[in-house]
Amino acid sequence: MALGSFNYARAPDDDFLLVATEIAGYDRIVLATPLYWYAMSGVMKTFFDRLTDLLVVPAKRPLGRALAGREVWALVVGTDPEPPVGLAEPFKLTASYFDMIWRGACYARSNRHGGIADDQLARIAELAAQMNATAAPTGRAP
C-alpha cells in the first residue's frame, strides 16, 4: 500500500482512499501495528493523519461519516513485557471522533525473532472471541 503524508494543499495520489473505502465496508475493524518506540508505527500514524482527508476534503466527508457505528479494536505487537501507558489513547480518541465504537486494545508480546510469543496467543484468541461476541448481522462484509 502506498501512503503519502497528509497535505492541506492537496491529497496525495496514493492508496489511502481505496483503503478507507474498503474499511468503511466492514462492521468490525482491527487496526494492527507493531510497537515502535512506545507508540504505534510511523505508517499507522501516517494513516491516522490521513484520516484528516475525510474531514477537510468536502467530497470525502461522506466516507468519514460512513465510519460511524463501526466497532474498532487495536492490536499492537511489541517486545516489551507490557504496553506503555497511554498506548491505546490515540486509537480510542480517534474512534470516538469518528463516532466509532471503541472496543479496546490488545497488546501481544513478540519473541525476539519477530513471531508472537506462544504465551501471548491466548490474548489474540480473546480478541477474536470479543469480535465474534459483539458481531451483529448487518448485511455488510464480515
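Along each chain, numbering runs from 1 in the same order as the chain's sequence is written. In view of the model being predicted, local features appear only for residues whose pLDDT reaches at least 70, and side-chain atom pairs are presented and counted only at 80 or more, with totals across whole chains, interfaces and linings using the full set of residues. Values reported for side chains reflect all heavy atoms of the structure, with hydrogen atoms and water molecules removed beforehand.

Trainee: When you look at the packing of aromatic side chains in this model, what are you seeing that I'm missing?
Mentor: Given two aromatic rings, their pairing is described by the distance between the two centres and the angle made by the two planes. In summary, the pairing rule links any two rings of Phe, Tyr or Trp, Trp by its six-membered ring, whose centres are within 6.5 Å, and it sorts them by plane angle into stacked for under 30 degrees, edge-to-face for over 60 and tilted for everything else. Scanning all chains against the criterion turns up four aromatic pairs. Measuring from centroid to centroid gives 5.6 Å for F16 and F47, while their planes differ by 55 degrees, and the two rings are tilted. A residue pair is termed long-range when its members are at least 10 positions apart, and F16 in helix α1 (residues 16-24) and F47 in helix α2 (residues 42-50) qualify at 31 residues. In this structure F16 comes out as buried when scored by relative accessible area, which is 0%. Only protein chains enter the accessibility calculation, which uses a 1.4 Å probe; a residue is then buried when its area is under 20% of its type maximum, exposed when over 50%, and partly exposed in between. For F47, a relative accessible area of 9% puts it in the buried group. Every helix listed is a DSSP run of H or I at least four residues long, and every strand listed is a run of E at least two residues long, numbered separately from the N terminus.

Trainee: Teacher, can you tell me more about a nonpolar patch on the surface here?
Mentor: Each patch is built from residues lacking any salt bridge and having more than 30% relative accessible area; the joining distance is 9 Å for like charges and 5 Å for nonpolar side chains (Val, Leu, Ile, Met, Phe, Trp, Tyr). Computed with the Shrake-Rupley method and a 1.4 Å probe, the accessible areas treat only the protein chains shown as cover for residues. Here a salt bridge means any side-chain nitrogen of Lys or Arg lying within 4 Å of a carboxyl oxygen belonging to Asp or Glu. Taken together, Y36, W37 and Y38 make up a surface patch of nonpolar side chains, about 490 Å² in accessible area. Structurally, the position occupied by Y36 is in strand β1 (residues 28-36).

Trainee: I tried to follow helix α5 (residues 89-97) on my own but got confused; where do I start?
Mentor: Every α-helix carries 3.6 residues per turn, so stepping three or four residues along brings you back to the same face. Every buried residue of α5 is listed here: F91, T94 and A95. Viewed end-on, α5 has its buried residues packed into an arc of 100 degrees, placing them on one side of the element. Opposite its buried face, α5 presents the exposed residues L93 and Y97, each directed more than 90 degrees away. A contact between two residues is defined here by any heavy atoms of the two lying within 4.5 Å. Next to the buried residues of α5 lie β1, β2 (39-40), α2, β3 (71-78) and β4 (101-109). Following α5 by one or two positions, D99 has its phi on the positive side, about 55 degrees. Taken from the helix axis, the directions to the C-beta atoms give the arc we talk about.

Trainee: Quick question: what am I supposed to make of the environment of A88 here?
Mentor: Among the structural elements, A88 can be located in the loop between β3 and α5. As for A88 and A105, which are separated by 17 residues in sequence, their C-alpha atoms are 6.1 Å apart. Sequence-distant contacts of A88, defined by excluding residues within four places in its chain, comprise W102 and A105.

Trainee: Is there a simple way to explain unusual backbone geometry in this structure?
Mentor: Leaving glycine aside, a negative phi is the common case for residues, and trans is the common case for peptide bonds. A positive phi angle is found at W37, which is not glycine, with a value near 50 degrees. By secondary structure assignment, the location of W37 is in the loop between β1 and β2. The phi dihedral of D99 is positive, around 55 degrees, even though this residue is not glycine. Following the sequence through the fold, D99 ends up in the loop between α5 and β4.

Trainee: How should the sheet that holds β3 be read in this particular structure?
Mentor: To summarise the sheet geometry, strands pair through backbone hydrogen bonds and adopt either a parallel or an antiparallel arrangement. DSSP calls a pair of strands paired once it identifies at least 2 bridges connecting them. Across the sheet, four strands lie side by side as β2-β1-β3-β4; this open sheet has mixed pairing. The sheet is open, and its two borders are formed by β2 and β4, each paired with just one other strand. Note that β1 and β2 share two bridges and pair antiparallel. Residue Y36 lies in a different strand from β2, and its bridge partner there is A39.

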